[in-house]
Amino acid sequence: AAASGGGVSTDLGVQRSMASVAIVLTDTGTGTAFAVSADTLVTAEHVVHGANKVAVRLDGRVQEVQIVSTSTRLDLATLHLSGDRMKPLTFQAAPAQLGQTVYAAGAALGGDLSLTRGIVSGHRYEAGLAHLLTAPATNPANRALPLPTHSGTVLRAAASAAGSPAGVAPGA
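A brief report on the enclosed structure follows. Every value quoted in this text rests on a predicted model; they were computed, and no experiment measured them.

### Quick look at the pairing of strand β1 (residues 21-26)
Then comes step 1: Buried residues dominate β1, accounting for 5 of its 6 residues.
Then comes step 2: In the sheet, β1 pairs with strand β2 (residues 29-37) via 6 bridges, with the strands oriented antiparallel. Counterpart to A22 in the pairing with β2 is A33.
Then comes step 3: Between the end of β1 and the start of β2, which pair antiparallel, lie 2 residues.
Then comes step 4: Taken together, the 4 bridges between β1 and strand β4 (residues 54-58) define a ladder with antiparallel strand orientation. For T26, the partnering residue across the bridge sits in β4 and is V54.

See below:
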């Protein structure tokens, strides 16, 4: 569920995007994923790495998913969802702008879905990857979270793990 606190209200587009986010449950830990098509989810590779069993929690129901592909370099994995269908998020076509408001949707430490508001505070390029830096920084306990904007479009997937920067994604 989208959260608001301290007088902060979220836009309808952001609230709608939260319906496209699922909690990932594995035998090695938890994280989040978001829909990029009706039956395909994206999560962080480190969330599913070494897992024998992967499931997602949608609207309180748990459903097993299959790992379709993984990239350790990008720290991204795609998952196939059978049965249930999700509304996919769309990616923002324009490059992220410094100061642009974003929301980090995640499930810190395996809890319920949470929403944190911040801004794009910088860009860093390393080894052919563009890193989006956000303020406040995404919590290292969050896993593969989308960065929705006011309109509900997503800037990109953000992967945050101990020792790796948030916002790792291909392209600029």
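So that's the structure; there's more coming.
### Here's the deal with the environment of D112
Then comes step 1: Secondary-structure assignment places D112 in the loop between β7 (101-106) and β8 (114-126).
Then comes step 2: C-alpha of D112 to C-alpha of A22: the two residues are 90 residues apart in sequence and 9.7 Å apart in space.
Then comes step 3: Apart from residues lying up to four places away in sequence, D112 is in contact with I23, R57, G106 and A107.

### Describing the nonpolar core
Then comes step 1: Counting residues in each nonpolar core, the largest one holds 17 residues, and the members touching the most others are V24, L41, V48, V54, V56, L79 and M86.
Then comes step 2: What V54 contacts, discounting residues up to four positions off in sequence, is V24, L25, T26, V48, E64, V65, I67 and L79.
Then comes step 3: Among the nonpolar cores identified, the runner-up in size contains 16 residues, and V21, V42, L115 and L129 belong to it.

### Focus on unusual backbone geometry
Then comes step 1: The phi dihedral of D59 is positive, around 50°, even though this residue is not glycine.
Then comes step 2: Along the chain, D59 falls in the loop between β4 and β5 (61-71).
Then comes step 3: The exposure class assigned to D59 is exposed, which follows from its relative accessible area of 77%.
Then comes step 4: Although it is not a glycine, D75 sits at a positive phi angle of roughly 55°.
Then comes step 5: In this structure, D75 sits in the loop between β5 and β6 (76-81).

### Details of the environment of G99
Then comes step 1: Looking at the element boundaries, G99 is found in the loop between β6 and β7.
Then comes step 2: According to the relative accessible area criterion, G99 is partly exposed, its value standing at 43%.
Then comes step 3: Residues G99 and I119, spaced 20 residues apart in sequence, show a C-alpha to C-alpha distance of 5.2 Å.
Then comes step 4: When near neighbours in sequence (up to four residues on either side) are disregarded, G99 contacts I119 and V120.

### As for the sheet that holds β5
Then comes step 1: Read once around its circumference, the closed barrel built from 6 strands follows the order β1-β2-β3-β6-β5-β4, with strand pairing classed as antiparallel. The mean angle between the axes of side-by-side strands here comes to 40°, regardless of whether they run parallel or antiparallel.

### Examining the pattern of salt bridges
Then comes step 1: A full pass over the atoms with the stated rule returns 1 salt bridge.
Then comes step 2: Put simply, E64 and K53 hold a salt bridge, and the shortest N to O gap is 3.9 Å. Of this pair, E64 sits in strand β5 while K53 sits in the loop between α2 (45-48) and β4, and the two are 11 residues apart along the sequence.
Then comes step 3: For E64, a relative accessible area of 47% corresponds to the partly exposed category.

### Some thoughts on the packing of aromatic side chains
Then comes step 1: Enumeration according to the criterion identifies 1 aromatic pair in this entry.
Then comes step 2: For the ring pair F34 and F91, a centre distance of 6.1 Å and an interplane angle of 65° mean the geometry is edge-to-face. Here F34, found in strand β2, pairs with F91, found in the loop between β6 and β7; they are 57 residues apart in sequence, far enough to count as distant.
Then comes step 3: For F34, a relative accessible area of 1% translates into the label buried.

What counts, and at which threshold
Residues numbered from 1 in each chain as written. Predicted model: local features only at pLDDT ≥ 70, side-chain atom pairs only at ≥ 80, totals over all residues. Heavy atoms only, no water. Buried < 20%, exposed > 50% of the residue type's maximum accessible area, 1.4 Å probe, protein only. Helix = DSSP H or I, 4+ residues; strand = E, 2+ residues; numbered from the N terminus. Pairing = 2+ DSSP bridges. Contact = heavy atoms within 4.5 Å. Core = buried A, V, L, I, M, F, W, Y, C linked by side-chain atoms within 4.5 Å. Axes fitted to C-alpha atoms, helices over the stretch in contact; angles between N-to-C directions. Salt bridge = Lys/Arg side-chain N within 4 Å of Asp/Glu carboxyl O. Phe/Tyr/Trp six-rings, centres within 6.5 Å; stacked < 30°, edge-to-face > 60°.

Everything listed here is a matter of coordinates, which is why it stays silent on function.
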